[in-house]
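These are the residues of each chain, in order.
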Amino acid sequence: MSLPTAVRIIEVGPRDGLQNAPPVSIETKLKLIHLLEEAGLKTIEAGAFVSPKRVPQMADSIVLFQQLERKMDVCYTALTPNLQGVEDAIQAGLTEVAVFGAASESFSQKNINCSIAQSLERFAPVVEKAKKHEIRVRGYVSCVMGCPYQGEILPEEVSHVCEQMLLIGCDEISLGDTIGTGTPGRTHQLMDAVLNKIPVDRLGVHFHDTFGQALANIYVALQYGVSTIDSAVSGLGGCPYAPGAAGNVATEDVIYMLQDMGIETGVHLGKLAKAGWFISDVLNTQPTSKVSNAMRAKLEKQE
Ligand code: HMG
Ligand code: MG
């Protein structure tokens, strides 16, 4: 087991973070994305081409990408559940997209209205179309450490779906602890099962922090050599179809930990914290990131 020397952070705040929050304006989203770029984030999940009736907060994604001034060295991504989604992504000129399935039958039905097998059938042409346009595809697998509807999910069930996602052509798998019930012990079991089927350089982790274990779980994944981490600024996030789930692990908390471990991310913590304070103030909430709150308290003391 060896730790990676550098980690790719996938900043999912503008998508996962805002999909379950009170709606904000396009201007707010654009400013947030801009502040995240300024902080050095190189991959930003900025929207979702999904049904506007199912997730109204993402209904402006087409317009958002039209208005977004892009930086050459930043990869902007979006969710694409079906052919209509990937066509929107092609129109938007994206170079990376994500399909999203699950290791739980019940969650699959609630979230994307089909079984796991049907989702794989639906994703295959989506991935194929993306590939024709040289678009990289991530494959999310949700409920890897528990499901809000059916409870326990076995690591072998997860590794099976991951393997299928790679077979249809996904470049990378992102393991979603959608409801944040995972623990370091369970993460060990998950990694052992999944890495049996998937090379570590094609694996990322996407941990929600409902039970406060996400950072510890990430530390376990790092020890297995995982070097792609999804996180959301300020600890925003949640899925409208995962009742009771809290936000993603906060990007600030991940960066603080990685910096101290000498793992390169390219992210400037001070600027990142400011991006988090901006969006938290708009949403009229406190960041759930302890790092962010500690930094703000220290600043206020100095003033
Ligand atoms: P469906 O319900 O099977 O039915 O859609 P459909 O394909 O017949 O479409 C239903 C309606 O949606 C139609 O409109 C379509 O036009 C429209 P209507 O005729 O009723 O007016 N529609 C679309 N509109 C815009 N863009 C599209 C699109 N596709 C259909 N691409 C579908 C299936 C998946 C599209 C739908 O169920 C859906 O959008 N679900 C929302 C899923 C979602 O966004 N969930 C949250 C993100 S996943 C997540 O958060 C987990 C993750 O973070 C990882 C983790 O934490 O584990 C990724
Ligand atoms: Mg999520």
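Rules and cut-offs
- Residues numbered from 1 in each chain as written.
- Chains lettered and ligands numbered in written order.
- Predicted model: local features only at pLDDT ≥ 70, side-chain atom pairs only at ≥ 80, totals over all residues.
- Heavy atoms only, no water.
- Pairing = 2+ DSSP bridges.
- Helix = DSSP H or I, 4+ residues; strand = E, 2+ residues; numbered from the N terminus.
- Axes fitted to C-alpha atoms, helices over the stretch in contact; angles between N-to-C directions.
- Contact = heavy atoms within 4.5 Å.
- Buried < 20%, exposed > 50% of the residue type's maximum accessible area, 1.4 Å probe, protein only.
- Right-handed = clockwise from strand over helix to strand, strands pointing away.
- 1 Å grid on protein atoms, 1.4 Å probe; cavity = no way out; pocket = protein on both sides within 12 Å on 5 of 7 lines; lining within 4 Å.
- Points joined across faces, edges and corners; volume = space filled by probe spheres on them.
- Nonpolar A, V, L, I, M, F, W, Y, C, P; charged D, E, K, R; others polar.
- Polar contact = N/O pair within 3.5 Å; in protein donor to acceptor, adjacent residues only side chain to side chain.
- Parallel < 35°, antiparallel > 145°, perpendicular 65-115°, else oblique.

**Student:** Would you explain the sheet that holds strand 6 (residues 172-177) in this entry?
**Tutor:** Strands in a sheet are paired, the pairing made by backbone hydrogen bonds, and the direction either parallel or antiparallel. Strand order in this closed barrel of eight strands is 1-2-3-4-5-6-7-8, and the pairing throughout is parallel. Taking each pair of neighbouring strands and ignoring which way they run, the sheet shows an average axis angle of 25 degrees. Alignment of strand 5 (residues 136-142) against strand 6, held across four bridges, turns out to be parallel. Bridging from a neighbouring strand, Gly139 pairs with Ile173 of strand 6. Sitting on the sheet, helix 6 (residues 116-132) is in contact with strand 4 (96-102) and strand 5, with an inclination near 170 degrees to strand 4.

**Student:** When you look at the pairing of strand 2 (residues 43-48) in this model, what are you seeing that I'm missing?
**Tutor:** The two faces of a sheet get side chains in turn, since along a regular strand they alternate between them. Counted residue by residue, strand 2 has six buried out of six residues, so it is predominantly covered. With two bridges joining them, strand 1 (residues 8-11) and strand 2 adopt parallel strand pairing. What sits directly across from Ile10, in strand 2, is Thr43. The pairing of strand 2 with strand 3 (residues 75-79) spans five bridges and is parallel. Along strand 3, the bridge assignment pairs Ala48 with Leu79. Taken together, strand 2, helix 3 (residues 61-67) and strand 3 form a β-α-β motif whose crossover is right-handed.

**Student:** Explain the layout of surface pockets to me, please; I cannot follow it from the model alone.
**Tutor:** One simple way to see leftover space: roll a probe sized like a water molecule over the atoms. As a volume, the largest pocket reaches approximately 640 Å³. Lining the largest pocket are 35 residues, and of these Val50, Ser51, Val55, Pro81 and Phe100 sit closest to its centre. At the level of secondary structure, the elements contributing two or more residues to the lining of the largest pocket comprise helix 1 (13-19), helix 3, helix 4 (83-91), helix 5 (105-112) and strand 5. Grouping the constituent residues of the lining of the largest pocket by class yields 17 nonpolar, 13 polar and five charged.

**Student:** Would you mind going over the side chain of Asn248 with me for this structure?
**Tutor:** As for its placement among the helices and strands, Asn248 is situated in the loop between strand 8 (228-231) and helix 10 (251-260). The class of Asn248 is buried, set by a relative accessible area of 1%. Side chain to side chain, Asn248 and His206 meet in a polar contact 3.2 Å long. Within the structure, Asn248 has its side chain in polar contact with the side chain of His208 (distance 3.5 Å). If we ignore the near neighbours within four places in the chain, the residues touching Asn248 are Val12, Asp16, His206, Phe207, His208, Asp209, Ser231, Ala232, Gly235, Leu236, Gly237 and Gly238.

**Student:** Even after reading the chapter, I still don't get the packing of helix 10 against helix 11 (residues 269-283), so can you show me in this structure?
**Tutor:** Each packed pair of helices is defined by two parameters, the angle between the axes and the distance between the axes. Contact geometry for helix 10 and helix 11: axes closest at 10 Å, N-to-C directions at 170 degrees. As judged from the angle between their axes, helix 10 and helix 11 are roughly antiparallel. Mapping the contact onto sequence places Thr251, Glu252, Ile255, Tyr256 and Gln259 in helix 10 and Leu269, Leu272, Ala273 and Gly276 in helix 11. Partitioning the contact of helix 10 with helix 11 into residue classes produces five nonpolar, three polar and one charged.

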